[in-house]
Amino acid sequence: MTDYEAVIGIETHVELMTDSKMFCGCPVKFGEPPNTTTCPVCLGLPGALPVPNSEAIEGILQIGTALGCQVADTSFFHRKNYFYPDLPKNYQISQYDVPICHDGEIQVEVDGEDTKIGITRVHMEEDTGKSIHVGGGGRIHDAEYSLLDFNRSGVPLVEIVTEPDIRSAEQARAYGAELQRIVRTLGVSDARLEEGSMRFDANVSIRPAGAAELGTRAEVKNVNSLRSLQRAVAFEIHRQIELVESGGVVVQETRHWNEDSGKTTSMRSKEESEDYRYFQEPDLVPIEVSAAWRDAVREALPELPAARRARYQGLGVDARVAAVLVGSEDAIGDLFEGAMNAGGDGRLIGNWLSGEAVAWSRAEEVAIGDTPLVPAHLVELAEMVGDSTLSASAAKQVLAGVLAGEGTPGEVAESRDLIQISDSSVIEAEVDAVLAGHADAVASIQAGDNKPFGFLVGQVMRATGGKADPKQVSDLIRAKTGG
Amino acid sequence: MSDPADLTIAAAGAKLRSGELSSVDLTEAVLERARMSESHLHAYLTLDQTGAREKATAADAALAAGDDRGPLHGIPIALKDNMCTKGIETTASSQILAGWIPPYDATVVSRLQAAGSVLVGKTNLDEFAMGSSTENSAYGATRNPWNTDTVPGGSSGGSAAAVATGSALAALGSDTGGSIRQPAALCGVVGVKPTYGLVSRYGLIAFASSLDQIGPFTRSVEDSAVLLEAIAGHDIHDATSIRGEIPNFRGSLHHGVAGLKIGVIKELSGPEIDPEVRTSVSKMHDALADAGAEVTEVSLPSCEYGLSAYYLIAPAECSANLARFDGVRFGLRSEGATTEEMMAATRAEGFGPEVIRRILLGTYALSAGYYDAFYGQAQRVRTLIRQQFAAAYEGVDVLVAPTSPTTAFEIGAKTDDPIAMYYADVCTIPINLTGDPGASIPIGLDSADLPIGYQVMAPSLGEERMFQVAQAVEDIANFTARAPLATSEVVSP
């Protein structure tokens, strides 16, 4: 049986949250009543003309720069011609042979292995309106009627295209997640997949492992979450391998991912695909980006996720933990940043947030951002461990209490009675009592068999309700048994 | 001339301010002229009598109150029906836009209103400005007021005929390949295509975006300069609109041509030009030389390819510009079993044959595998023409040529031969490709009493110099003849 290698490239569309649309003054707002944020320009009325929004150009420059792209001094808008009811002019203003940004890269990590994903281009275009097909299967062909909402028409859209550098569904997901983090860090878009402000199309092909030539690719659309990106790509790789193994041939086509069935189905083949007849948009002049503008964007970039992860590792945080802290949930990262600014212990607090806090949040189905937990709590908790007021395991219980709204770490430790016993004579008395009650175990240890040692420590901890310092207990038992 | 409808803007303005005439008088005279001539001409698609009277009354009141908006205050002006007017039907002479009432005003319309002018109505054109005779209108052809068996030229034939007749003192047209200058020549009025980007295209229903430019029709060179001053200038709604101060186009109007270098375009002086037109134009060259200009012949060999390049670039752009007429959101909607069939049926029914021809040509020229040989090549030719004109202007101040190779031709003479019709624009197309300004000035009549136009072209933003030479041409020609339809003796109510 042949070994296959998957070759994947991803096209991502990101809607920019600018004040106004790409080519007119209409506000970019979501959830407004249909067709209320429109004007002659974004409705494509006869005679209307587009005027580019410099805030959108600034946004794409930020994305391109964050992805390490080259910025073109001069780039052009083109018209992409196709007929569809939610495209008011029946052409989309986009970019073609000279995009505003090109040749960048993103580094992603899967199972400890770093991979560079090349960014071919980042270009600017306008979004279409929204079609709602009523009746039938929810597609235009069999709908009873269709409704059109042009509020989204003309919203600035950035398209980010990768090189075919992705080799697995896991990498595809890691790329999507990292791109989402970068876009959110820049603050140019909320990049919500489920709401469509960030959308992925994956080009998937397979080839015999080691082959130099690319296989025929299928483009998978309608991927609405990072999880479905991974699932859709995995399905498509599997489908193509099965097809080829059974003597079939992969055809170039567009395939629709169905979340419920977990399958991709054919939408249209290459034969039916359209000739977009691109030509330079005569209503617009070329986009000129001065060196000064380019430099200003670069200098104003915020700390990007990769740099932030590296900084956290410098604070003693484990790489895996750093990845969680710089993950997609802002609240965790913000709590960590706040605690670090207040001088908290990075390793301890990082572990709590990425471990116990995340686990608690999942179990209780409460977002961490919705709990009373603040950075000062984390700092306090770390200090309590540092000065032996709390044992490490007690600290985790206290954290759960704080998340549950029981009070500050001090209050929770108090009310849950978790403060370590600091009086060594009390602990020694408990040790003596346990040793007296387990003479057999003591004898074994004295005979050189150390197995019961842990058992004895456990008995003392139990007797003290977990409030003894386990190290102190071990030391005492060792001294008294010679173990 | 006692009828106010025959006044120039300048003369009418003087009478309005001296109190000799009111805007209401002027407007009534123009509407009366329209009432007498329209059944013969069909210059207008919409005559807004009520609106015009209201605006004239308001203009008189404003002037009486000391609110003088300048030279266009109270002046009745017509608009080509491809410029959007809020609340007034705008069709571009197409069935596909029948009944469409724009929710907004084109920038030129707002500017004319701010200048206190009176909108008389919307004039006929070749559908979507595609044509050279105004015969391609879904609402019927316009006729030439000099001889109603002939065409007024096109595509702004309605505007040209209205100004020639006196059913407006001035009008705006749009010029993509000669659509202002050629009908101005055929109707014996002044027509100006400004530098591309000088006048905002916002609200002009696009034919070919990189070529379209709005400009004036008037009965004098000075009036054209006045009207252009009112509509020119940067507009935030048009990304191709030129920034910077608009000069006073009349600054050198009466400075004459002594010492100016005038280049006669060799390639537009040959046998392709009708002999009577050639003779008349040639006499004007000589007269300008007599007036002190240095007149030389200039060769621009790329001119020969202008027509071919134009008939690839303009259709390519129009194939996209007209894609929005699909029956989905406005205008005509035909029945179809699917969305695609509805769109196809709407477009097949709503567009006339010339529009369909150009959409097909343009779609083909942009298609994968053909783009480079057609559209790409045409763009290279366009660049070459630009370079040759720019080089020519190193040696001369203005270039001159006939405006049209012939005078007005008979209705129907070229409708079955698109190539012959396209050829009517051979003298005007080159500077649409370069983006430079050009004016047509009437200089005389041929043996059939049809007007002959003389074209003066200048480098980009050289309007002041262009008007200076145009004024000299007007002074020399002393063209005082009026179209028969503009005189009450001939017109029977």
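Here, the structure is the one placed above.
So, here is what we can say about the structure in this document. (Residues numbered from 1 in each chain as written. Chains lettered and ligands numbered in written order. Predicted model: local features only at pLDDT ≥ 70, side-chain atom pairs only at ≥ 80, totals over all residues.)

**Observations regarding the sheet that holds strand 15 (residues 279–280) of chain A**
Residue and element names in this part refer to chain A. What the three strands build is an open sheet, ordered 5-4-15; its pairing is antiparallel. Two strands in the sheet have a free side with no partner beyond their single neighbour: strand 5 (91–94) and strand 15. Strand direction decides the pairing type here: strand 4 (residues 78–81) and strand 15, joined by two bridges, are antiparallel. Counted as the bridge partner of Arg-79 is Phe-279 from strand 15. (Pairing = 2+ DSSP bridges. Helix = DSSP H or I, 4+ residues; strand = E, 2+ residues; numbered from the N terminus.)

**Notes on the environment of Gly-135 of chain A**
Residue and element names in this part refer to chain A. By the element assignment, Gly-135 lies in the loop between strand 8 (130–134) and strand 9 (145–149). In sequence terms Gly-135 and Tyr-145 are 10 residues apart; their C-alpha atoms lie 7.1 Å from each other. Setting aside its immediate chain neighbours within four residues, Gly-135 contacts Ala-143, Glu-144 and Tyr-145. (Contact = placed C-beta atoms within 7 Å.)

**What about the nonpolar core?**
If you look at the biggest cluster of nonpolar residues, it comprises 226 residues, and the most contacted ones within it are Ala-202 of chain A together with Ile-77 and Val-456 of chain B. Once residues within four sequence positions are removed from consideration, Ala-202 of chain A is found in contact with Ile-8, Ile-10, Ala-172, Val-220, Val-223, Leu-229, Ala-232 and Val-233 of chain A. Among the nonpolar cores identified, the runner-up in size contains 35 residues, and Leu-335, Phe-336, Trp-360 and Leu-381 of chain A belong to it. (Core = buried A, V, L, I, M, F, W, Y, C linked by C-beta atoms within 7 Å. Buried ≥ 20, exposed ≤ 12 C-beta atoms within 10 Å, placed from the backbone.)

**Some thoughts on unusual backbone geometry**
Where the residue is not glycine, phi is negative for most of them; where a peptide bond is considered, it is trans in most cases. With an omega of 10°, the peptide bond running from Gly-154 of chain B to Ser-155 of chain B counts as cis. Positive phi, close to 60°, is recorded for Asn-90 of chain A, a residue that is not glycine. Here Asn-90 of chain A is to be found in the loop between strand 4 and strand 5. The exposure class assigned to Asn-90 of chain A is buried, which follows from the 21 C-beta atoms found within 10 Å. At Ala-129 of chain B, a residue that is not glycine, the phi angle is positive and equals roughly 70°. Note on placement: Ala-129 of chain B falls in the loop between strand 3 (118–123) and helix 5 (157–165).

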